[in-house]
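# Chain and residue survey
Take a look at the letters that make up each chain.
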Amino acid sequence: AQTVTQSQPEMSVQEAETVTLSCTYDTSESNYYLFWYKQPPSRQMILVIRQEAYKQQNATENRFSVNFQKAAKSFSLKISDSQLGDTAMYFCAFTSTGANSKLTFGKGITLSVRP
Amino acid sequence: EAGVAQSPRYKIIEKRQSVAFWCNPISGHATLYWYQQILGQGPKLLIQFQNNGVVDDSQLPKDRFSAERLKGVDSTLKIQPAKLEDSAVYLCASSLDRGAGYEQYFGPGTRLTVT
């Protein structure tokens, strides 16, 4: 069974600074997808960024980028130029490939951006 | 494009009562998911539908939970009888098709409190 671990329950960052959220996972699969989801207070969960395990290049979406270390089974999210709107819970998630794949989420981390 | 709709947004019931949640996915999305998100944890998949058929219900407590998607569009999740430990946010999500390559879009959730 796959597991996703987010060991930091909460973090805080000053507006305009950079913050990195950590995630580790465990799997015996060789190909899979990793995701970071954002859940703002009282708002719905949205996908921030996705990484396919067979791609060596780290995914980037504007201010969001990942550091994917396949051998170490590590998948961290870097948020550059933090904005107040980045305040939210962030969940790391894993899914194997295949038609019957399902998302396994970590416990999440609460990120607060200070003005 | 309208997002995933859920109702009600909030529900408070006493233990042993029954409750039902409704979800309307994004138009044209074949795959529908129900997740349970207990406070302080990541979402856990309860059941996955592909059109009107069940793909995965391995984590659904079938003695008290049931779900249906009769016409392959909207879906209802029911709990009967409710227990205190069912207090959680119930999230509905949909995707164009099943498989890791298809992004899941989440609804706002229904927050259930069982007293």
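Since the structure is predicted, the reported quantities are computational estimates derived from the model, not experimental observations.

A word on the layout of surface pockets. Approximately 500 Å³ is the volume attributed to the largest pocket. As for the largest pocket, its lining consists of 28 residues, and the residues nearest its centre are Gln39 and Ser42 of chain A together with Gln37, Val89 and Arg111 of chain B. For the lining of the largest pocket, the secondary-structure elements that each account for two or more residues are β10 (88-96) and β12 (109-114) of chain A together with β9 (88-95) and β11 (110-114) of chain B. Class assignment for the residues of the lining of the largest pocket results in 14 nonpolar, 11 polar and 3 charged.

Burial of nonpolar side chains together is a common tendency in soluble globular proteins. Residues and elements named next belong to chain A. Core analysis: the biggest nonpolar cluster contains 26 residues, and Leu21, Trp36, Leu77 and Tyr90 have the highest contact counts within it. When residues of this core are traced back to their parent elements, those giving at least two are β3 (19-21), β5 (32-39), β6 (46-52), β8 (64-69), β9 (74-79), β10 and β12. Ignoring any residue separated from it by four or fewer positions in sequence, one finds Tyr90 in contact with Gln6, Leu21, Trp36, Tyr37, Lys38, Val48, Phe64, Leu77, Ile79, Gly108, Ile109 and Leu111.

Turning our attention to the confidence of the model for chain A. When pLDDT is averaged along chain A, the result is 94, and 98% of the positions lie at 70 or above. Mean pLDDT values over the elements of chain A span from 94, in strand β7 (residues 60-61) of chain A, up to 98, in β3 of chain A.

For the rest of this paragraph, the subject is the pairing of β12 of chain A. Residues and elements named next belong to chain A. Alternating positions in β12 separate cleanly, Ile109, Leu111 and Val113 being buried on one face and Thr110, Ser112 and Arg114 remaining unburied on the opposite face. Bridging between strand β2 (residues 10-14) and β12 involves 5 bridges; their strand directions are parallel. Along β12, the bridge assignment pairs Val13 with Val113. Taken together, the 3 bridges between β10 and β12 define a ladder with antiparallel strand orientation. The residue bridging Ala88 from the neighbouring strand is Leu111, located in β12.

Residue and element names in this part refer to chain B. The strand order β1-β3-β8-β7 describes an open sheet built from 4 strands, whose pairing is antiparallel. Of all the strands in the sheet, just β1 (5-7) and β7 (65-68) have a single pairing partner and so form its edges. Strand-to-strand, the axes of this sheet are offset by a mean angle of 15°, without reference to chain direction. The sheet contact formed by strand β3 (residues 19-24) and strand β8 (residues 75-79) spans 5 bridges and is antiparallel. Its bridge partner lying in β8, Val19 is registered against Ile79.

On inspection of all chains with the given rule, the structure shows 1 cavity of 30 Å³ or more. Its boundaries defined by the atoms lining it, the largest cavity holds a volume of some 80 Å³. Of the residues that constitute the lining of the largest cavity, the class distribution is 6 nonpolar, 4 polar and 2 charged.

Okay, the interface of chain A and chain B next. Each partner contributes to the interface: chain A provides 22 residues, whereas chain B provides 24 residues. Between chain A and chain B the total buried area reaches about 1,700 Å² when both faces are included, carbon and sulfur atoms providing 51% of it. It is Gln44, Met45 and Lys102 of chain A that lose the most area in chain A upon contact with chain B, and together they represent 28% of the buried surface on that side. Along the contact surface separating chain A from chain B lie 1 salt bridge. A salt bridge links Asp56 of chain B to Lys102 of chain A, with the shortest nitrogen-to-oxygen separation between them at 3.2 Å. Connecting chain A to chain B are 7 residue pairs in polar contact (both at pLDDT 80 or more). Sorting the residues of the side of chain A that touches chain B by element identifies β5, β6 and β10 of chain A as the ones contributing at least two each. The element contributing the most residues to the side of chain A that touches chain B is β5 of chain A, with 4 residues. Its residues placed into classes, the side of chain A that touches chain B shows 9 nonpolar, 10 polar and 3 charged.

By definition, a disulfide links the sulfur atoms of two cysteine residues through a covalent bond. Across all of its chains, the model carries 2 disulfides over all chains by this definition. Two residues, Cys23 of chain A and Cys92 of chain A, share a disulfide whose sulfurs are 2.0 Å apart. Here the S-S torsion is close to -70°, and the disulfide linking Cys23 of chain A with Cys92 of chain A is therefore left-handed. Of this pair, Cys23 of chain A sits in the loop between β3 and β4 (24-26) while Cys92 of chain A sits in strand β10, placing them 69 residues apart in sequence. Assigned by exposure class, Cys23 of chain A and Cys92 of chain A land together as buried. For Cys23 of chain B, the disulfide goes to Cys92 of chain B, at an S-S distance of 1.9 Å. Negative torsions about the S-S bond denote left-handed disulfides, and the value of about -70° found for Cys23 of chain B with Cys92 of chain B makes this one left-handed. Taken as a pair, Cys23 of chain B in strand β3 and Cys92 of chain B in strand β9 lie far apart in primary sequence, 69 residues in all. Each of the two residues, Cys23 of chain B as well as Cys92 of chain B, counts as buried.

The rules we used
- Residues numbered from 1 in each chain as written.
- Chains lettered and ligands numbered in written order.
- Predicted model: local features only at pLDDT ≥ 70, side-chain atom pairs only at ≥ 80, totals over all residues.
- Heavy atoms only, no water.
- 1 Å grid on protein atoms, 1.4 Å probe; cavity = no way out; pocket = protein on both sides within 12 Å on 5 of 7 lines; lining within 4 Å.
- Points joined across faces, edges and corners; volume = space filled by probe spheres on them.
- Helix = DSSP H or I, 4+ residues; strand = E, 2+ residues; numbered from the N terminus.
- Nonpolar A, V, L, I, M, F, W, Y, C, P; charged D, E, K, R; others polar.
- Core = buried A, V, L, I, M, F, W, Y, C linked by side-chain atoms within 4.5 Å.
- Buried < 20%, exposed > 50% of the residue type's maximum accessible area, 1.4 Å probe, protein only.
- Contact = heavy atoms within 4.5 Å.
- pLDDT = per-residue confidence, 0-100.
- Pairing = 2+ DSSP bridges.
- Axes fitted to C-alpha atoms, helices over the stretch in contact; angles between N-to-C directions.
- Buried area = accessible area lost by both parts, 1.4 Å probe.
- Salt bridge = Lys/Arg side-chain N within 4 Å of Asp/Glu carboxyl O.
- Polar contact = N/O pair within 3.5 Å; in protein donor to acceptor, adjacent residues only side chain to side chain.
- Disulfide = S-S within 2.5 Å.

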